[in-house]
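# Topology and contacts: notes
The residues making up each chain are set out below.
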Amino acid sequence: MEQFSLTDIKKKNLSDVYHYIYMNPSCSKQEIATALSVSLPTVTQHLTTLENQNLIEKCGRLSSSVGRRANAYQIISDAKIAIGLEILPHTTHILSINLYGKMIAKETLPVSFEASAAYFSKLKKAVKNFCQINHHKAESILGIGLGVQGLISPDGSELTYGKILDCTGMSIDLFSDAFHVPCKFVHDAECACTSELWENPDITDATYISLGYHLGGAIIVDGQLLTGATGKSGTFEHMTLVPNGLDCYCGRKGCAECYCSGNSLLSDCDNLDEFFSRKATGDPSCLAKWDEYLRHLSILINNLHMVLEHTVILGGHVTPYFTEEDMEHIRSCVAERSTFDDDTSYIIPGKCRTDTVATGAALPFIKDFIEGIYLI
């Protein structure tokens, strides 16, 4: 039988008090004691500890018809923060989030990526300047996550496959040597999926398809990302969709990347805004390309659902352009291809529409802090 020391019990009670306040802002001492089935003196002790560590604060008094009104408590949402970056070929998005995963500040850095010391020197300077401008104190920063288009080593220290940015083998040391907090690379599709899970905590099993300028994906099992033995699980972009089809950047032909990525729509357009603007005016080439895109996407969705009978979440840069008619068309196309008479309402658009990669790069640090509060 597992034995718990008095110190272990105190730490767990402290954690329980913090988590209750986190989930129930503006709660009273009595509410906490009742909900956790602990004594008022114990709650008082832990509230004092958390206040002294600047993790919670009083936020007024609760209404009462009799007697003295009780103090209300809430966590200090920016007591700890995390920084997230989305590194793209020609821009880098930098943002900070609080303990609820809400954005505090954001900046876009117009600099072209290079796997070089010079590029990372600019990036380090930009992040430090971002923190200074937004008054982010070093002691409040939990970590910095860099969302990149590539596969990452399990510990986040190295890009093991980075053909899009031509950065295979790149080490986080190029960036982390300037900071005294944990820094790590995170696969961009995993970032987007993490953001989606944060906004949809009730999701337990799902297949996430990231319809960005490049295609990506992730698999969620029991509420957790399934990365596989070497981090390659969810790389739907390199599933063969059309044998001997279009050339993919990976060196193979016919990958789903060639047909279901945002870039696959842009042969005659500079960006997605232009493509969908032209489509809205009835441009025949854009309408034809969009129809082809949805057809290939429905094939990919059906194939994935045949392997994993999960909810399918569509996220990424393309998804905000979907109309309800587009979603119904996708569901209809999938139903036509399906061997079984399935209800295709399992295909849903993601809730997160903007900054999903940068946010998802920062969220693991927030999650680790919240889950590990008993260690303080």
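See above for the structure.
All residue numbers here refer to positions counted from 1 along the written sequence of the relevant chain. Thresholds applied to this predicted model are a pLDDT of at least 70 for local features of residues and 80 or more for the giving and counting of side-chain atom pairs; totals over whole chains, interfaces and linings are not thresholded and use all residues. To obtain the side-chain values, all non-hydrogen atoms of the structure were used and water was disregarded.

### Overview of the nonpolar core
Soluble globular proteins: nonpolar side chains tend toward being buried together. Nonpolar cores are built from buried Ala, Val, Leu, Ile, Met, Phe, Trp, Tyr and Cys residues. Side-chain atoms within 4.5 Å join them into one set. The cut-offs for exposure are 20% and 50% of the maximum accessible area for each residue type, with area from a 1.4 Å probe on protein chains only; residues under the lower value are buried, those over the upper are exposed, and the others partly exposed. Ranked by internal contacts, the top residues of the largest apolar core, which has 37 residues, are Ile 301, Leu 314, Phe 322 and Ile 330. A run of H or I in DSSP becomes a helix once it reaches four residues, and a run of E becomes a strand once it reaches two; helices and strands are each numbered from the N terminus. Sorting the residues of this core by element identifies β10 (206–211), β11 (215–221), α7 (257–260), α8 (272–280), α9 (284–307), β13 (311–315) and α10 (324–337) as the ones contributing at least two each. With nine residues, the single largest contributor to this core is α9. Any two residues having at least one pair of non-hydrogen atoms within 4.5 Å are treated as being in contact. Look past the residues within four positions of Leu 314 in its chain and what remains in contact with it is Ile 209, Leu 211, Leu 297, Ile 301, Thr 319, Phe 322, Met 327, Ile 330, Ile 347, Ile 348, Pro 349 and Gly 350.

### Details of unusual backbone geometry
Of note in the backbone geometry, His 135 takes a positive phi value of approximately 60 degrees without being a glycine. In this fold, His 135 is placed in the loop between α4 (117–133) and β6 (141–148).

### Focus on the packing of aromatic side chains
Each aromatic ring pair is summarised here by two numbers: the centre-to-centre distance and the angle between the ring planes. Under the pairing criterion, centres of Phe, Tyr and Trp rings, with the six-membered ring standing for Trp, must be within 6.5 Å; the plane angle then separates stacked pairs below 30 degrees from edge-to-face pairs above 60, leaving the rest tilted. One pass over the full model with this rule turns up twelve aromatic pairs. Plain terms: the ring middles of Phe 275 and Phe 276 are 5.0 Å apart, the flat faces sit at 85 degrees to each other, and that makes the pair edge-to-face. The same class applies to Phe 275 as to Phe 276, namely buried. By the ring-pair criterion, three or more aromatic residues cluster together here, those being Phe 275, Phe 276, Trp 290, Tyr 293, Tyr 321 and Phe 322. If you follow Lys 128 out to its NZ or CZ, it ends over the ring of Phe 179, 5.8 Å from the centre. Geometrically, a charge over a ring is one whose NZ (Lys) or CZ (Arg) sits within 6 Å of the ring centre while staying within 35 degrees of the ring normal. One Lys or Arg, Lys 184, reaches over the ring of Phe 365 and ends 5.4 Å from the middle of that ring.

### Some details on the sheet that holds β10
One open sheet accounts for five strands, arranged β12-β11-β10-β13-β14; its pairing is mixed. Two strands bound the open sheet, and with one partner strand each, they are β12 (224–226) and β14 (347–349). When the angles between neighbouring strand axes are averaged without regard to direction, this sheet yields 30 degrees. One requirement defines pairing of two strands: DSSP has to find at least two bridges between them. Bridging between β11 and β12 involves three bridges; their strand directions are antiparallel. Its bridge partner lying in β12, Ile 219 is registered against Leu 226. Comment: axis = line fitted to C-alpha atoms, over the contacting stretch for helices; angle = value between 0 and 180 degrees taken between N-to-C directions. Together, β13 and β14 form the strand contacts of α10, whose direction differs from that of β14 by roughly 160 degrees.

Note that every value here comes from positions in space, so none of it alone points to a role or purpose.
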